[in-house]
Amino acid sequence: MEAFTSLTAIAIPFDQVDVDTDQIIPARFLRKHRSDPDYASFLFNNARYNDDGSEKEDFILNQEKYRHGQIIIADENWGCGSSREAAVYALLANGIRAVIAPSFGDIHYNNGMKNGMLPVRLPIIDCNTLRKQIHEVPGSRVAINLLDQVVVGPEGTNYSFDIDPLHKHCMVNGLDDISLTLEHEEALGAYEKKRQIEAPWLY
Amino acid sequence: MAAPKTIFEKIWEAHEVVKRDDGQSLLYVDRHILHDGSFHAFGMLRDSSRTVRQPDQTFGTPDHYASTTERTLSEMTDLEAREKVELLAANANEFGIHHFGLEDIRMGIVHVIGPELGITQPGILLCCGDSHTSTHGAMGCISFGIGASEASHVLATQSIWQRKPKLMRVTVTGQLGFGVTGKDVALALIAQESAACGVGYAIEYAGPCISQLDIEGRLTLSNMTIEAGSRIGLIAPDDKTIKFLEGSEFAPKGRKWELAVEAWKDLPTEEGAEFDKEVILNGSTIAPMITWGTSPQHAIRITEPIPDPEAEPDNEKREAMKRALTYTGLEPGQLMTDVSVDRVFIGSCTNSRIQDLRLAAEVVKGQKVKVWSMISPGSGKIRQQAEAEGLDRIFTDAGFDWRHSGCSMCVGLNGDLLNKGERSASTSNRNFEGRQGPETRTHLVSPAMAAAAAVTGKFTDVRTLMERR
């Protein structure tokens, strides 16, 4: 996966609670392979395009100022619902590298971490402030420094955030955690032996 | 004396292989289930030249793309969907995992066949690349949905990194009334607490109403836990759990069965164990529920009017309610019993088990459907059981389309969808915008309520239908 250390980019305010992964990528596109040349168009497809394929003008991603945005500032419970990792693939296909929200669907949060799309939890009041500031000056940039765990708002305010050290380590180094896990091969083998003795009915 | 423990803590601690100082634990995965949407995970495994660590603990069945009209691969006309079903079979063959193909009687929805075949057992840790993996928790295990990368990790290492979630107990007090099911308990909870109340938590369901529920009802409740934002919904095993599992294909046999049952009896939460959050739901006041909006928290008793967004103090929630009403084409104050339906769907990992079909059949018996209605049993075995009981005749005589098993119209990946603008009564789990097709409107109900909508052509309080008989 692509490493993530820091990013300064146009931020997109997404004013909606409970944005589920069905909205992020409708189910009919899940059968498509990631290499599909149209993959980027699957993102928010129902909200983003008319039946004839033309863009719905009022949808935020279609607005000129936000077209090259790479950071979404969201509301509560972003990415709830289905476990589809394709929601992350579709965001990445559009150049979105981070989502800042007060809370995330737990599975979507992990899927982001595994794919170099950084989910950042900030308090709801800070997310509201950031969205308001961006609406006032569309096209504003927000900076994220993962090494220092800081988000810098368009007006220069710093917001620090928490992240699991393990997640941070993998994200900063672009590591897949399987190799990391396999360093614990001895412990895994020992566990399996013990489990067979303690719960023989499972084998 | 050691502090009293919850069932969750007991199972969690028994599965910790490595515990890092930063709070992440490497957990052992006893059982891993995959489906025809898991092709990304197998692809990643292959790309990294890795293999499946414990194929004998790994199971696969096609459900998301499975056709509900055809039961052989050669008959499947949707070639992209067929490719997914074939891909799972090829991956299962290559890596040597258990596989129940389209033509196997044991095939079905992953969250139905896990418990049904005894793959799911109390005390285990189970993962599956599907958010409704919370379902299996009703059997007294830790079970949660994962993404494709995580599934690839589980395939390769039979383990997964997790941070221990906080713990919430939902106690459902009182007694469930006539016509009230596990589905109604789930919707009542989410309506009371919100669709995000469980984010970051594992939930344990307890109390007299949970004991009252049969295993099917408990599986429905645990299934809907993800709609409350939590990936894990546990219920302590009891005699019903043990009876449900006994004799199933992958459940232990003989001496091993005795050992297992003995161990399972030690699992329930001990008196005095502490939870990070306690929620009380009065089961006696729950009625058959229905959703009016685009989130499972937009749920009301069938007897109640649709709420007025103007009465909602929170600005964002108010906007979400208005947006939902615009989408569903309904008005504040309206009664759902005045709203007609276009189609009825009974099925999905939420409500497709034999008891669900029996409850629906009871309502349908001797009636005719007023609108197009379909029913997709949760597995080949359930379909067979229903046919042995004559339920299929009750449904087909009434005009139902009696289908094969699959995720079907819950998610529509196999092409089972509503037409644009249509409104459904659906026993599935998500009423999200566009869930059953673009611009379609989904109203979540129990199987009995869906059956009542089928025979009346509108949303109907099933209790009024049944009391009249």
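Everything quoted here is computed from the prediction, not taken from an experiment. (Residues numbered from 1 in each chain as written. Chains lettered and ligands numbered in written order. Predicted model: local features only at pLDDT ≥ 70, side-chain atom pairs only at ≥ 80, totals over all residues. Heavy atoms only, no water.)

A. The arrangement of helix 5 (residues 124-136) of chain A in detail. The end-to-end C-alpha separation of helix 5 of chain A is 18 Å, in line with the 18 Å expected for 13 residues at 1.5 Å each. Tucked into the core, helix 5 of chain A has its buried residues touching strand 1 (6-13), strand 2 (71-73), strand 3 (98-101), strand 5 (141-145) and strand 7 (158-160) of chain A together with helix 11 (315-328) of chain B. (Helix = DSSP H or I, 4+ residues; strand = E, 2+ residues; numbered from the N terminus. Expected span 1.5 Å × (residues − 1). Contact = heavy atoms within 4.5 Å.)

B. Representation of the environment of aspartate 130 of chain B within the structure. Of note, aspartate 130 of chain B is situated in the loop between strand 6 (125-128) and strand 7 (142-145). Considering only alpha carbons, one finds aspartate 130 of chain B and aspartate 78 of chain B, 52 residues apart in sequence, at a separation of 22 Å. In contact with aspartate 130 of chain B, not counting residues within four places along its chain, are Ser83 of chain A together with His35, His64, His111, Gly145 and Ile146 of chain B. Separated by 3.0 Å, the side chains of aspartate 130 of chain B and histidine 64 of chain B make a polar contact. In this structure the side chain of aspartate 130 of chain B is engaged in a polar contact, spanning 3.0 Å, whose partner is the backbone nitrogen of histidine 132 of chain B. (Polar contact = N/O pair within 3.5 Å; in protein donor to acceptor, adjacent residues only side chain to side chain.)

C. Region of the structure containing the packing of aromatic side chains. What the rule picks out here adds up to 16 aromatic pairs over all chains. With a centroid separation of 5.6 Å and an interplanar angle of 50 degrees, the aromatic rings of phenylalanine 44 of chain A and phenylalanine 59 of chain A are classed as tilted. Of this pair, phenylalanine 44 of chain A sits in the loop between helix 1 (21-24) and helix 2 (45-48) while phenylalanine 59 of chain A sits in the loop between helix 2 and strand 2, placing them 15 residues apart in sequence. For the ring pair phenylalanine 59 of chain B and phenylalanine 250 of chain B, a centre distance of 5.3 Å and an interplane angle of 85 degrees mean the geometry is edge-to-face. Of this pair, phenylalanine 59 of chain B sits in strand 4 (residues 58-61) while phenylalanine 250 of chain B sits in the loop between helix 9 (239-245) and helix 10 (254-264), and the two are 191 residues apart along the sequence. The class of phenylalanine 59 of chain B is buried, set by a relative accessible area of 3%. Taken together, Phe14, Phe44, Phe59 and Trp78 of chain A form an aromatic cluster joined through their ring pairs. Here lysine 84 of chain B stacks its cationic end above the ring of phenylalanine 39 of chain B, 5.1 Å away from the centre of that ring. Stacked on the ring of tryptophan 372 of chain B, the Lys or Arg arginine 343 of chain B has its end atom at 4.6 Å from the ring centre. (Phe/Tyr/Trp six-rings, centres within 6.5 Å; stacked < 30°, edge-to-face > 60°. Buried < 20%, exposed > 50% of the residue type's maximum accessible area, 1.4 Å probe, protein only. Lys NZ or Arg CZ within 6 Å of the ring centre and 35° of its normal.)

D. Quick peek at the domain arrangement of chain B. Residue and element names in this part refer to chain B. Looking at chain B, the domain boundaries give domain 1 (7-277) and domain 2 (293-468). Computed over C-alpha atoms only, the centres of domain 1 and domain 2 are separated by 24 Å. Domain 1 puts 41 residues into the contact, and the matching count from domain 2 is 44 residues. Summed over the three residues of domain 1 that lose the most area to domain 2, namely Thr68, Ile109 and Lys183, the buried surface amounts to 19% of that side. (Domains from an automatic or database assignment. Buried area = accessible area lost by both parts, 1.4 Å probe.)

E. Spotlight on helix 12 (residues 354-364) of chain B. What helix 12 of chain B keeps buried is the set Ile354, Asp356, Leu357, Ala360, Ala361, Val363 and Val364 of chain B. Positive phi appears at glycine 366 of chain B, one or two residues downstream of helix 12 of chain B, with a value of about 80 degrees.

F. Focus on the sheet that holds strand 3 (residues 31-35) of chain B. Residue and element names in this part refer to chain B. Pairing in this open sheet of five strands is parallel, and the strands run 5-4-3-6-7 from one edge to the other. The sheet is open, and its two edges are formed by strand 5 (98-99) and strand 7, each paired on a single side. Direction of pairing for strand 4 relative to strand 5: parallel, over a ladder of two bridges. Residue pairing for strand 5: phenylalanine 59 is matched across the bridge by histidine 98. (Pairing = 2+ DSSP bridges.)

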